[in-house]
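Chain by chain, the residues run as shown.
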Amino acid sequence: MRIVEIGHTGVGKTTYMATLYGILQNGIEGFGLKAQNSNDHERLIELAQNISQGIYPSATDQRREYNFYLQYDNKNIFPFTWADYRGGAIRETQDSEQARLLVSDLRQADGIMMFCDGHALASGDIRSNQIGRMTALINKTLPYINRPISLAIILTKADLVTQFTESMLESFRGFFTAIEASPSISGCILPITCGIESHNVEKPLLFALQVAVNLQLKYLEKEIAEHEKMARYYQDKSDSLTGILHDIWKTIIEEPTYSDISNAKYQEVYKKRREYQPIISPVRALNKHIEEHDYLWICQKK
Amino acid sequence: MSKCSAIVYGRTYEVDFRFIALPENFTDDDKKWIDNYIKVTTRTAEKLTNNPRFSIVKNSQYCVFGVICLARDLHNVIEETKDKYDRSLYGFFGYVIPVNENVEAIHCFLEPNIDLFKPLYNYILEQWNTRKKLSSPIRVSYNEKLGKYGEINNQNYLDIDYKKIRYNTSSEKEIYLYPSSSEYNHFLWSMTIDNILKDSVNSVSLCLNLTNKSDLENAPFLNVTVNGINSFEIYTKESKIETEKYIPNNDFTEKNDCTDRVLEKSSQPSIQKGKINQNVDKNPSIYLFIILFIIFSGLAFSIIFTTIKNLSILSNNVIIVIFFISLLLSALLAFYLAKIKQKPTNQSKSSQSSTENKTFPDKLKPKNKNTISNSKQTKSKNPFDEF
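Residues numbered from 1 in each chain as written. Chains lettered and ligands numbered in written order. Predicted model: local features only at pLDDT ≥ 70, side-chain atom pairs only at ≥ 80, totals over all residues. Heavy atoms only, no water.

When helices and strands are counted, chain B shows 7 helices and 10 strands. Put simply, chain B has 387 residues, and 47% of those count as buried. By sequence separation, contacts in chain B at least 24 residues apart represent 69% of the contacts at least 6 residues apart. Surface accessibility of chain B: about 20,800 Å² in total, with carbon and sulfur atoms responsible for 52%. (Helix = DSSP H or I, 4+ residues; strand = E, 2+ residues; numbered from the N terminus. Buried < 20%, exposed > 50% of the residue type's maximum accessible area, 1.4 Å probe, protein only. Contact = heavy atoms within 4.5 Å. Areas by Shrake-Rupley, 256 points an atom, 1.4 Å probe, with all protein chains shown as cover.)

Right under this line is the structure:
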């Protein structure tokens, strides 16, 4: 699973990641976050501690990839990769390596987090948010997205905004229409605050992962069903008279018999069920979280 | 006279990171070459406070002496060292010396000294108020002035116990790591200068004071001092860091491929030689079959021989035919019984799975009876059918 975050420079992408990491160390509704690399863990914890004291991270100058586990009940459940970009990447042309990587990442993304400065939006500063560039980038990748993905529009610095109004989102109008028209993108808008006091921080990540983990569950179900179907098919064949003769011959020439294949398929079923079982309750909890909390939906694809 | 040019990579008040200054003759390849080094030194930038990272990089054409540091280490006006979002700026500031033209300039860099790089901050200030990223950086000529910096005390230069240090000049697949201490920094810096002056090696690179080993991913450096290690180590570039555990990414493309493979098989169920999964477990009931076969064939022979004594009218050929038929029947019977015996094993595995399945909520039970096409057509309120 791959999460990609984009946003203009200074919008708070790295701040968000570090704050989220810090907060999810204690778990929220059973969910936690763990970096696969111990150096990343230490770095993010340190950044989170600084942010909680009002010291914000330095500007990011290059793309950096983090590998995480979404944990549930302190167990590593979903491994995922999170690509953090420097803000300037969205302003660069296709000649730039960073811009090329960003486009490639967006095409492969299972969840996209699009960051906008809520305070700038509220004060009518559309230019600094680079909304046009971000939406153009995502629109460009839409034709390549042929699987369900989630798109979270994250309005940062929400503590500096007295009230969010519909008119603030006017510049997104065309983009919302494109998302609604897309058969595969579910989108929502999430105002967040990161700093000495943080709010709503876990929601964008849980939303971004929800579609992907449900899809993962669905694929496992399909695989189990198909392996079972194949196992039964070969078992039935091996029970017939021709199957018995076939199996005798295959046994003599030391090749797998129908019965062997059926057996192997049952083993696959067993293996897949073992993968399937531990993710059921986290997926249910994630779905419950999304249902019970107030997410401002742009569209939710059924 | 010493002639140098400059490289400055950083950001200004409003515009994001980019090359702000480059030597006038730098090509795109040269830019890529130095960019690969700079991108390593800028990692974990929050650790740059009181910890500038010096580097020396040389190829067949250029030798670059540089430092990654906070802007405030080079410039005193604090307002001009922070960006629009009040974040402390940092950047790479370096001098470029053409290798074949003037070795003299190298003598200005016998020790890592941040003061040498202070004048380069002027390039940042020159671009400070720009609101748009310029299409190309400032092109800096090889200017004599750049090389004239301070008298550096180089008494300790070349006073090195070379036996203490292993210096990498050849193995591009490895990085030699040393603890980040003033002693090692001094030794390695001096050895690097020594190698450049000797001109015996084409490619030389050193970076001092990196934060941790994970910042070395895809690093082109050959020698590095790094925090968090206590003794000399060799980092192999192919393998990731030992502490990092790679977990294969179960993305949907893979899943999709997997499902597609299953679907492909189900549509072509016939077995083809050599295409069967190599990991298929051989049926253990073969041993049961052999035992049963021996028992049945033994029984058949004993019956035939005791009966034939009384039926001497039968010809030898008929007896041979009866013998083989009984052998075949024994084999079939044995195989059938062995198969029946095996069935419960499979079913017990399957039932074990279905026992687990019983704990699943109804909505989450796999729809075993549905084919994929069926499940696509099924309309359900199941939340997992949304996709």
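Still to come is the rest of the account.
Before going further, it helps to examine the side chain of B:Thr41. Residue and element names in this part refer to chain B. With respect to the secondary-structure elements, Thr-41 resides in helix H1 (residues 28–41). The buried category is assigned to Thr-41, whose relative accessible area is 1%. Polar contacts involving the side chain of Thr-41 include one to the main-chain carbonyl oxygen of Ile-38, which spans 2.7 Å. When near neighbours in sequence (up to four residues on either side) are disregarded, Thr-41 contacts Arg-53, Ile-68, Phe-92, Cys-207, Leu-210 and Phe-221. (Polar contact = N/O pair within 3.5 Å; in protein donor to acceptor, adjacent residues only side chain to side chain.)

Next up on the list: helix H1 (residues 13–23) of chain A. Among the 11 residues in H1(A), 9 count as buried, and that is most of the element. For H1(A), the complete set of buried residues consists of A:Lys13, A:Thr14, A:Thr15, A:Tyr16, A:Met17, A:Ala18, A:Thr19, A:Leu20 and A:Tyr21.

Counting residues in each nonpolar core, the largest one holds 52 residues, and the members touching the most others are A:Tyr16, A:Phe68, A:Phe80, A:Trp82, A:Met113 and A:Leu205. The dominant element in this core, judged by the number of residues it contributes, is helix H7 (residues 202–239) of chain A, at 10 residues. No fewer than three residues from each of domain 1 (2–215 + 290–299) and domain 2 (217–278) of chain A sit in this core. Among the nonpolar cores identified, the runner-up in size contains 47 residues, and B:Val8, B:Ile138, B:Leu206 and B:Leu208 belong to it. (Core = buried A, V, L, I, M, F, W, Y, C linked by side-chain atoms within 4.5 Å. Domains from an automatic or database assignment.)

What follows concerns the sheet that holds strand S2 (residues 18–23) of chain B. Residue and element names in this part refer to chain B. The 10 strands are arranged S6-S2-S1-S5-S4-S3-S8-S9-S7-S10 in an open sheet whose pairing can be described as mixed. Either end of the sheet is taken by a strand with one partner, and the two such strands are strand S6 (138–140) and strand S10 (233–236). Pairs of neighbouring strands in the sheet enclose a mean axial angle of 20°, with direction left out of account. With 6 bridges joining them, strand S1 (residues 5–10) and strand S5 (residues 90–98) adopt antiparallel strand pairing. If you follow Ser-5 over to S5, its bridge partner there is Val-96. Contacts between helix H3 (residues 182–198) and the sheet are confined to strand S3 (53–58), strand S4 (62–70), strand S7 (174–179), strand S8 (204–210) and strand S9 (223–226), with S8 contributing the most and set at about 165° to the helix. (Pairing = 2+ DSSP bridges. Axes fitted to C-alpha atoms, helices over the stretch in contact; angles between N-to-C directions.)

Oppositely charged side chains can form a pair if their charged atoms are brought close together. Following the criterion strictly, the structure yields 26 salt bridges over all chains and no others. We note a salt bridge from A:Glu46 to B:Lys47, for which the minimum N-O separation is 2.7 Å. You can see A:Glu46 sitting in helix H2 (residues 38–52) and its partner B:Lys47 sitting in the loop between H1 and S3, one on each of two chains. One salt bridge in this structure joins A:Asp110 and A:Arg147, with 3.6 Å as the shortest N-O distance. Pair noted here: A:Asp110 is in the loop between helix H3 (97–108) and strand S5 (111–117) and A:Arg147 is in the loop between helix H5 (131–141) and strand S6 (149–156), with a separation of 37 residues, a long-range link. The burial state of A:Asp110 is the same as that of A:Arg147; both residues are buried. One salt-bridge network, in which partners are shared between bridges, spans A:Arg86, B:Arg11, B:Asp16, B:Asp83 and B:Arg87. (Salt bridge = Lys/Arg side-chain N within 4 Å of Asp/Glu carboxyl O.)

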